[in-house]
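Remarks on the overall topology
Chain residues, written in single-letter form:
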Amino acid sequence: MILELDCGNSFIKWRVLEPNARLVLGGGVVDSDLALLADLQVIEGLALKHCRLVSVRTSEETGVLISLLKESFEVSVVCATPAREMSGVRNGYEEFEKLGLDRWLALLGGFHLAGGACLVLDFGTAVTADFVAVDGEHLGGFICPGMPLMRNQLRTHTRKIRYGDLAAERALEHLDPGRTTVEAVERGCLLMLRGFVLTQLELARGHWGEDFEVFLTGGDAGLVSEIVPQAKVVPDLVFVGLAMACPLA
């Protein structure tokens, strides 16, 4: 069996595949290394042989996780690393190793699935946009705060903004002007996010007309999917790129 991990700043996304990598046997999202181990240990008949991962954490944090995995499951671990060029895609950063590995893998996966020009939008703690031309040239991208960051900044720096996650979810049932603080904040942040997305689409059309694919990925992709009906929502887009960057014999 194969364990795949996407280790972000806030969460670890994981899934377990059959040895032929065709069927997903289990998966989830956890907030700590120990929670990951706990989730894996309840999978019936778990027999891990390989692990491949991408991490945007520090090398020390990633090393601790790798050690835990080796000790717990005696599994070999392969980590994705930066590259100037891979699978027909050329990294567009001036210093290629400074492009976030999760972004790199997502745009690799997007180009592979599109077979041509694509715009990859990833909605996590931060929101990223990356543009890949038909010839595989990564044109660069943009980063802005995601919903969690926008919300937390307002909660942190404005004393009277205090509300829970359930109230935030209910506030987004429609987008009329808010009549409570939670409605005003949540709807305002969502409209900012959607404005960012629409701007990326305009930029992509400026490059390629209508001849490009749009991919949405990340936990908050559903918040914008209705304004990009032509987009493909691919929750595991990073894992598509991870399999390309870390093929297993």
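For the structure, check the block above.
Here we summarise the structure given alongside this text. Given the structure is predicted, the values throughout are model-derived calculations rather than measurements. (Residues numbered from 1 in each chain as written. Predicted model: local features only at pLDDT ≥ 70, side-chain atom pairs only at ≥ 80, totals over all residues. Heavy atoms only, no water.)

With respect to the pairing of strand S5 (residues 76-79)
Along any regular strand, the residues point their side chains to alternate faces of the sheet. As paired elements, strand S4 (residues 50-55) and S5 share four bridges and run parallel to each other. By the bridge assignment for S5, Arg52 is matched with Val78. For the crossover from S4 across helix H2 (residues 59-73) to S5, the handedness is right-handed. (Pairing = 2+ DSSP bridges. Helix = DSSP H or I, 4+ residues; strand = E, 2+ residues; numbered from the N terminus. Right-handed = clockwise from strand over helix to strand, strands pointing away.)

Considering the side chain of Gln200
For Gln200, the location among the structural elements is in helix H6 (residues 181-208). Judged by relative accessible area, which is 3%, Gln200 ranks as buried. In contact with Gln200, not counting residues within four places along its chain, are Leu119, Leu121, Ala129, Phe131 and Phe142. (Buried < 20%, exposed > 50% of the residue type's maximum accessible area, 1.4 Å probe, protein only. Contact = heavy atoms within 4.5 Å.)

Brief notes about the pairing of strand S10 (residues 138-145)
Summarising the sheet, strand S9 (residues 126-132) and S10 pair through seven bridges and their orientation is antiparallel. Across the sheet, residue Ala126 finds its bridge partner in S10, namely Pro145. Joining the antiparallel neighbours S9 and S10 is a turn of five residues, in which Gly136 adopts a positive phi near 90°.

Let's talk about the sheet that holds S9
Read from one edge of the open sheet, five strands run S10-S9-S8-S11-S12, paired in mixed fashion. What marks the edges here is a single partner per strand, and that holds for S10 and strand S12 (232-233).

Observations concerning H6
Here H6 contains 28 residues, and its C-alpha end-to-end distance of 41 Å stays within 8% of the 40 Å for a straight helix at 1.5 Å per residue. Of the residues flanking the end of H6, it is Gly209, one or two places downstream, whose phi is positive at about 65°. (Expected span 1.5 Å × (residues − 1).)

Some remarks on the pattern of salt bridges
Inspection of every chain in the model, using the stated rule, returns 14 salt bridges. Salt-bridge contacts for Glu186 lead to Arg151; the nearest nitrogen and oxygen are separated by 2.7 Å. Separated by 35 residues along the polypeptide, Glu186 in helix H6 and Arg151 in helix H4 (residues 147-157) bring together distant segments of the chain. Classification of Arg151 by relative accessible area gives buried; the value is 16%. Of the charged contacts, one joins Glu213 and Lys232 as a salt bridge, the two residues approaching to 3.7 Å between their closest N and O atoms. Here the residue Glu213 occupies a position in strand S11 (residues 213-217), and Lys232 occupies one in strand S12, the gap between them amounting to 19 residues. Under the relative-accessibility criterion, Glu213 is labelled partly exposed at 25%. A relative accessible area of 38% means that Lys232 is categorised as partly exposed. (Salt bridge = Lys/Arg side-chain N within 4 Å of Asp/Glu carboxyl O.)

Remarks on H2
With 15 residues, H2 extends 21 Å between its outermost C-alpha atoms, agreeing within 8% with the 21 Å of an ideal straight helix rising 1.5 Å per residue. Buried within H2 we find Thr62, Leu65, Ile66, Leu69 and Phe73. Projection of H2 onto a plane perpendicular to its axis shows the buried side chains occupying an angular sector of 100°, all on one side. Residues of H2 that are exposed and angled more than 90 degrees away from the buried face: Glu60 and Glu71. Summarising the contacts, the buried residues of H2 are in contact with strand S1 (2-7), strand S2 (12-17), helix H1 (33-41), S4 and S5. Phi for Glu74, located one or two positions after H2, is positive at around 50°. (Arc of directions from axis to C-beta.)

With respect to the layout of surface pockets
Space inside the largest pocket adds up to approximately 1,000 Å³. In terms of lining, the largest pocket is formed by 35 residues, of which the most central are Asp122, Phe123, Gly124, Thr125 and Gly219. Here the lining of the largest pocket is built from residues that sort into 16 nonpolar, 10 polar and nine charged. No fewer than three residues from each of domain 1 (2-79) and domain 2 (85-146 + 188-237) sit in the lining of the largest pocket. (1 Å grid on protein atoms, 1.4 Å probe; cavity = no way out; pocket = protein on both sides within 12 Å on 5 of 7 lines; lining within 4 Å. Points joined across faces, edges and corners; volume = space filled by probe spheres on them. Nonpolar A, V, L, I, M, F, W, Y, C, P; charged D, E, K, R; others polar. Domains from an automatic or database assignment.)

Considering the environment of Thr125
Tracing the backbone through its elements, the reader meets Thr125 in the loop between strand S8 (118-123) and S9. For Thr125, a relative accessible area of 31% puts it in the partly exposed group. In this structure Thr125 touches Ser10, Pro145, Gly146, Pro148 and Leu149, once residues within four positions along its chain are discounted. Within the structure, the side chain of Thr125 is placed 3.4 Å from the side chain of Ser10, a separation counted as a polar contact. (Polar contact = N/O pair within 3.5 Å; in protein donor to acceptor, adjacent residues only side chain to side chain.)

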